[in-house]
Amino acid sequence: MKKLTIITLALLLGCGLEAKKADPVLNIIPEPQSVSFEKGTFKVKGAQFNYDSFLDAATVAAIAELSDGITFCSGKVSSLAVAAGVNYGTPISSLHGVFFLKDATLKPEEYKIEIAPNAVKITAPDHNGFLYAISTFKQILPVEIYAGKPALKANWKVPCCTIQDSPRFAYRGIMLDCARHFFSVDEVKKWLDVCAMYKINRFHWHLTEDQGWRLEIKKYPLLTEIGSFRAGTQTTTDRSKHDGKRYGGYYTQEQVKDVVAYAAKLGITVIPELDLPGHMLGALASYPWLGCTGGPYQVWTRWGVCDQVLCVGKESTFEFLFNVLDEICELFPSEYIHIGGDECPKTEWDKCPVCQAKMNELGLVADDKGTRGQKLQNYVTKRVQEHLAAKGRKIIGWDEILEGELGPGATVMSWRGTKGGEKASAMGFDVIMSPTNYCYLDYKQGVREDDLAIGAGYPKKSDYDAKNLYSYEPFSGIQAGAEKHILGVQANMWTEWIHNDPELFYMLIPRLQALSEVQWCTPEKRSYERLERKLTDKHFKIMEILGYNYRAL
Ligand code: ACM
Ligand code: ZN
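Procedures and definitions
Residues numbered from 1 in each chain as written. Chains lettered and ligands numbered in written order. Predicted model: local features only at pLDDT ≥ 70, side-chain atom pairs only at ≥ 80, totals over all residues. Heavy atoms only, no water. Helix = DSSP H or I, 4+ residues; strand = E, 2+ residues; numbered from the N terminus. Rg over C-alpha atoms; globule rule 2.2 N^0.38 Å. Buried < 20%, exposed > 50% of the residue type's maximum accessible area, 1.4 Å probe, protein only. Contact = heavy atoms within 4.5 Å. Areas by Shrake-Rupley, 256 points an atom, 1.4 Å probe, with all protein chains shown as cover. Pairing = 2+ DSSP bridges. Axes fitted to C-alpha atoms, helices over the stretch in contact; angles between N-to-C directions. Phe/Tyr/Trp six-rings, centres within 6.5 Å; stacked < 30°, edge-to-face > 60°. Lys NZ or Arg CZ within 6 Å of the ring centre and 35° of its normal.

Some points on the overall build of the chain
Then comes step 1: Broken down by element type, the chain carries 17 helices and 19 strands.
Then comes step 2: Computed over its C-alpha atoms, the radius of gyration of the chain comes to 26 Å, within 12% of the 24 Å expected for a compact globule of 553 residues.
Then comes step 3: With respect to the three principal axes, the spread of C-alpha positions in the chain is 100 × 60 × 50 Å.
Then comes step 4: When burial is assessed residue by residue, the chain has 59% of its 553 residues classed as buried.
Then comes step 5: A separation of at least 24 residues holds for 72% of the contacts in the chain among residues at least 6 apart in sequence.
Then comes step 6: Counting only carbon and sulfur atoms, one obtains 55% of the accessible surface of the chain, whose full area is about 22500 Å².

A word on the sheet that holds strand β3 (residues 80–82)
Then comes step 1: On the basis of which strands lie adjacent, the open sheet formed by seven strands has the order β1-β7-β5-β6-β4-β2-β3 and mixed pairing. Whereas interior strands pair on both sides, the edge strands pair on one side only; in this sheet they are β1 (34–43) and β3. Neighbour-to-neighbour, the strand axes of the sheet open up by a mean angle of 20 degrees, direction not taken into account.
Then comes step 2: Across three bridges, strand β2 (residues 49–51) lies against strand β4 (residues 97–102) in parallel orientation. What sits directly across from Y51, in β4, is F100.

Regarding the packing of aromatic side chains
Then comes step 1: As enumerated under the stated definition, the model contains 27 aromatic pairs in all.
Then comes step 2: Here Y287 and F320 contribute two aromatic rings whose centre-to-centre distance is 6.5 Å and whose plane-to-plane angle is 50 degrees, an arrangement assigned as tilted. Here Y287 is found in the loop between α7 (281–286) and α8 (315–331), whereas its partner F320 is found in helix α8, with 33 residues between them in sequence.
Then comes step 3: Residue Y287 is classed as buried on the basis of its relative accessible area, which comes to 10%.
Then comes step 4: Looking at F320, the relative accessible area reads 1%, which means it is buried.
Then comes step 5: Members of the aromatic cluster, each reached through a chain of ring pairs, are F182, F203, W205, Y251 and F332.
Then comes step 6: Looking at R246, its charged tip hangs above the ring of F229, at a distance of 4.0 Å from the centre.
Then comes step 7: In this structure, R526 is placed above the aromatic ring of Y470, and the distance from its NZ or CZ to the ring centre is 5.2 Å.

What follows is the structure, given as structure tokens:
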């Protein structure tokens with residue numbers, strides 16, 4: 001009897017072990033919405049790639065890049081052909097090879113990957129859906145796929161499974177400040193490449209600042225001749241000193257078009273920021289008549305918030321802004337134009353007779369909604385918004401645009417914590433959440449980074465690491481029913497203390513990967529412990545292969 005029990009137990013245990021055979025670990029970032037495994041593997045090496053004839057050229061190019069990469073790295077030809085006689089409804093059992101089939105019934109950016117021993121079937125409704133499927137599929141392959149070097153001995157097989165995936169938020173943004181420090185077109189592309197890998201779809205490009213104007217505007221050549229260079233850079237916490245080294249750079253319109261087209265191929269829309277009416281010293285130094293005092297002005301050599309802002313009592317200032325915006329709209333096809341609006345001191349407006357006359361003409365009175373100065377900024381926002389609306393564009397502004405009275409149709413980017421986003425969404429404005437305490441990538445990630453971050457000298461601000469970012473829940477504090485106004489989440493890389501490529505990517509990675517799961521995954525799909533494992537098991541290796549510096553956990 002005893003013997004029998006032991007045998008039964010052993011059998012039961014054996015069966016249990018059999019049933020519990022662990023699923024393969026895919027280490028995909030961001031975590032897909034659902035993954036279910038079946039038995040077997042598909043051999044990628046030498047597989048034929050097939051795509052629907054009605055896929056757009058950019059999608060076909062991305063598929064070709066994948067099949068070429070597999071050919072090159074695996075050492076066996078993966079050919080590419082138009083799929084004949086099949087469509088998204090064709091059962092996987094009757095397919096042989098890898099198929100990319102358009103399924104217009106899926107939601108925007110959604111994708112599905114089915115892997116069986118005989119075939120891989122990838123369906124998506126649009127360019128981004130296919131790009132995300134490819135990004136996910138590449139992450140399942142041996143990491144050597146990222147090296148672009150032959151790796152003949154690698155295991156070019158993928159486990160049979162079904163992955164169904166779609167984003168939680170439509171707006172998944174990241175901002176790079178190319179004004180405080182300038183990054184070359186190649187560096188910007190390298191930044192876009194890694195952001196695209198993690199399914200980010202908006203690049204907010206901060207191009208104009210007190211410390212430098214970085215965008216060629218044909219009508220106002222002095223903006224780049226004068227405004228794109230400063231006489232030196234503050235390099236310590238002492239704001240009265242700078243290094244005396246001339247510093248600058250700008251993007252020509254041809255370069256901007258190149259970046260916009262490059263980003264589009266990666267599924268990323270570029271949203272330019274013309275920061276106004278503050279943060280405009282680069283423009284004032286170039287055209288002093290734009291200011292309240294007439295100058296002279298100099299491109300700033302220090303960090304902080306500058307009192308010298310646009311004189312908005314004058315019509316000539318609006319003529320300038322509209323002309324600049326017209327060129328910006330020609331360069332950037334994005335639905336949104338970011339008009340800044342942050343940190344605009346009103347001290348000069350309070351002294352300027354022209355601005356005061358404008359406030360009087362507009363009948364602006366200080367009340368519980370705002371000061372006369374804030375209401376003058378509302379007037380600026382409204383005029384710029386109307387000018388852009390006539391061109392079919394919408395505005396995004398930092399949360400200061402909410403002070404006073406904001407007109408309908410503006411989107412608010414909540415950066416001073418979450419309060420701005422909570423208030424704006426409750427009022428019915430669309431919102432992008434970008435709270436400093438979670439989403440600012442210029443802050444230190446820990447005590448190791450004393451000399452690298454904006455938190456230098458502020459020891460309390462040393463905990464803005466990947467784990468902190470990961471803990472952010474965008475709906476937290478949002479009024480019930482107002483969640484629909486939260487378009488998404490964005491992280492911001494200000495570059496006062498970031499000088500070059502290695503520092504930039506050290507500050508970005510792995511907070512980028514944490515951001516991508518906050519933007520993409522529903523809360524129940526998130527696990528920081530699992531993200532850490534994915535990074536250490538696979539993604540840091542990928543970053544090394546691709547030449548990105550990163551901060552180890
Ligand atoms: C900001 O960080 N000044 C938007
Ligand atoms: Zn003025």
